[in-house]
Amino acid sequence: MRVLFVFFINIARWAWRYDGRAKRCVPTDPSAKCLTALLESQNHKFLPEIEAIVRQPILQEDGKIDLQRGYHPKTRLYCSYDPEKYQLEEKPFLGDALKALAELRKLLEEFQFEDSSDESAALCAMLTASVRSLLPFAPMFLIKAHQPGTGKGVLSELIFLMATAEKPSPIAFPKDSAECEKLLLAELLKAPSVLFFDNLTSDLYPHKYLCSAITSETLTGRVLGESRTATVGTKTLILANGNNVTPVGDMTRRVVPICIDTKEEIPASRIFKNPNLLQQVRESREHYVSCALTIISAWINTGKPHTECPNLNSFEKWSEWCRQPLLWLGLPDPVKKVFTAMNDDPERIQVGRVFNGIRREFETALFSVKELSERVSRSVDSELLREPLEDIGCFDGCIVNRNRLGWWLKKKVGWTVDGIRLNLVSVDAHTKQPKYQLSICKHQE
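Structure report, in brief.

Here is what the cut-offs are and how they apply
- Residues numbered from 1 in each chain as written.
- Predicted model: local features only at pLDDT ≥ 70, side-chain atom pairs only at ≥ 80, totals over all residues.
- Heavy atoms only, no water.
- Helix = DSSP H or I, 4+ residues; strand = E, 2+ residues; numbered from the N terminus.
- Contact = heavy atoms within 4.5 Å.
- Areas by Shrake-Rupley, 256 points an atom, 1.4 Å probe, with all protein chains shown as cover.
- Lys, Arg positive; Asp, Glu negative; His and termini not counted.
- Charge placed at Lys NZ, Arg CZ, Asp CG, Glu CD.
- Axes fitted to C-alpha atoms, helices over the stretch in contact; angles between N-to-C directions.
- Parallel < 35°, antiparallel > 145°, perpendicular 65-115°, else oblique.
- Left-handed = near helix turned anticlockwise from the far one by under 90°.
- Nonpolar A, V, L, I, M, F, W, Y, C, P; charged D, E, K, R; others polar.
- Core = buried A, V, L, I, M, F, W, Y, C linked by side-chain atoms within 4.5 Å.
- Buried < 20%, exposed > 50% of the residue type's maximum accessible area, 1.4 Å probe, protein only.
- Pairing = 2+ DSSP bridges.

### Points about the overall build of the protein
Here comes step 1: Looking only at helices and strands, one finds 15 helices and 18 strands in the protein.
Here comes step 2: Principal axes of the C-alpha set define a box for the protein whose edges measure 100 × 50 × 45 Å.
Here comes step 3: Look at the contacts in the protein between residues 6 or more apart in sequence, and 71% of them connect residues 24 or more apart.
Here comes step 4: Element-wise, carbon and sulfur atoms account for 50% of the exposed surface of the protein, whose accessible area totals about 22,700 Å².
Here comes step 5: In the protein, the 58 positive side-chain charges and the 56 negative ones have mean positions that sit 6 Å from each other.

### Brief notes about the packing of helix H12 (residues 346–362) against helix H14 (residues 383–391)
Here comes step 1: The contact between H12 and H14 brings their axes to 8 Å, and the two run at 150°. The angle between the axes of H12 and H14 places the two elements in the roughly antiparallel class. When the axes of H12 and H14 are compared, the crossing they make is left-handed. Touching Gln350, Arg353, Val354, Gly357, Ile358, Arg360 and Glu361 of H12 are Leu384, Leu385, Glu387, Pro388, Leu389 and Asp391, all from H14.
Here comes step 2: Residue classes in the contact of H12 with H14 are distributed as six nonpolar, two polar and five charged.

### Some remarks on the nonpolar core
Here comes step 1: Counting 98 residues, the largest nonpolar core has Leu104, Ile159, Phe197, Ile258, Trp318 and Trp321 as the members making the most contacts within it.
Here comes step 2: A per-element tally of this core places helix H9 (residues 285–301) first, with ten residues.
Here comes step 3: With 24 residues, the next largest nonpolar core counts Phe362, Trp408, Leu409 and Val417 among its residues.

### Section: the pairing of strand S2 (residues 24–27)
Along any regular strand, the residues point their side chains to alternate faces of the sheet.
Here comes step 1: Note: strand S1 (residues 16–19) against S2, four bridges, orientation antiparallel. Bridging across to S2, Trp16 finds its partner in Pro27.
Here comes step 2: What sits between S1 and S2 in their antiparallel hairpin is a turn of four residues, with Lys23 showing a positive phi close to 60°.

### A short note on the side chain of Glu119
Here comes step 1: Along the chain, Glu119 turns up in helix H4 (residues 116–131).
Here comes step 2: In this structure Glu119 comes out as buried when scored by relative accessible area, which is 16%.
Here comes step 3: Among all residues touching Glu119, those that are not within four sequence positions of it are Arg105, Leu108 and Phe113.

### Points about the sheet that holds strand S3 (residues 52–54)
Here comes step 1: One open sheet accounts for three strands, arranged S3-S7-S6; its pairing is mixed. Where the open sheet ends on each side, the last strands, each with one partner, are S3 and strand S6 (70–72). Each strand of the sheet is rotated relative to its neighbour by a mean of 30°, with strand direction disregarded.
Here comes step 2: Bridging between S3 and strand S7 (residues 77–79) involves three bridges; their strand directions are parallel. Considered in S7, the bridge of Ile53 is made with Tyr78.

In short, shape yes, function no, at least from these values alone.
Printed below as a string of structure tokens:
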């Protein structure tokens, strides 16, 4: 609304009113009703498109930092900040990056991370918060611990402050996909710098719209309580915290965990060395954002040195700007636990048990749903397969439900778990029954 207000007063002359003090007519500002009507309209062709509102300088592709305020036509970003508060080198290099890194690490001395990759993940979140509006996609960050009082909330707000000086407005994690769609659309219509889910009480389930918000540049849905749809941008840092929670299914590759473990009986009773940490960051926010921008800029100026690491699909530019600079400075891979989470995903573990059970029964021979269900009933080692099938809900009492088993196999075609891949080979011309086969990776033979 404020950005529209600025544009309107610059491009048009509105009504006049008589100013008694000045003894003359003066122009008036556009009314809130007019701005609201424009916002609700779907036709904005005569206004410049804004993808996000930025609270700090813009880092360019060549490593230069743009301190110009206002609207940037090239990036379609609107910058609202005081450039005089940012102290940035024109062309930083390795020495500047190391000094900046030391400044950011001082802020994390209060937190007892599970291992060094968690500290690296926290630094990665701080870098991401500083440049989120410049990235097409970025993963969600989950700060997790075993018990309350470990400092999850403090670390969350610290990362939050790297994106904006506004106060956090936590929201509850949606219970289902329908609620998730309404919540995300309503929140993203406000174009927030950060979307913050505080104190999760359940795992991070792969709701369709949440997955899309992380790996798509826009979301389209119906506005709650209205008969119209809206398209919103997703250039927002998504942050969450909780005790003993974990990403599930498709969320495992979209979430970077940051694990805190104080190893104390009652973490809430420990005393922080710097109880005014957040106030310090709030008062010197521009300094710490400058440090984050310096690290990325120095990496670009040095020629973008690349450190070999596992690829995280969909997040290539984020990996370049927020992961590679930390690897360049000698830190552990901040996404190490993303790959651990994918391997430990409960669904993958269940699939692996079923695949291994089928392998014991059929090896690499062709099989149908009917043959598989019959083998479960008469096999000597049927418990090795029966129990996994029970866990995935393919039994009605003591009998295999062939429809459910068939749908499950169809959904898992192409999956490879524990070196075992499920393939759809053919469909019987007479019975119309699909034939499946397992293929074994060479290192598993």
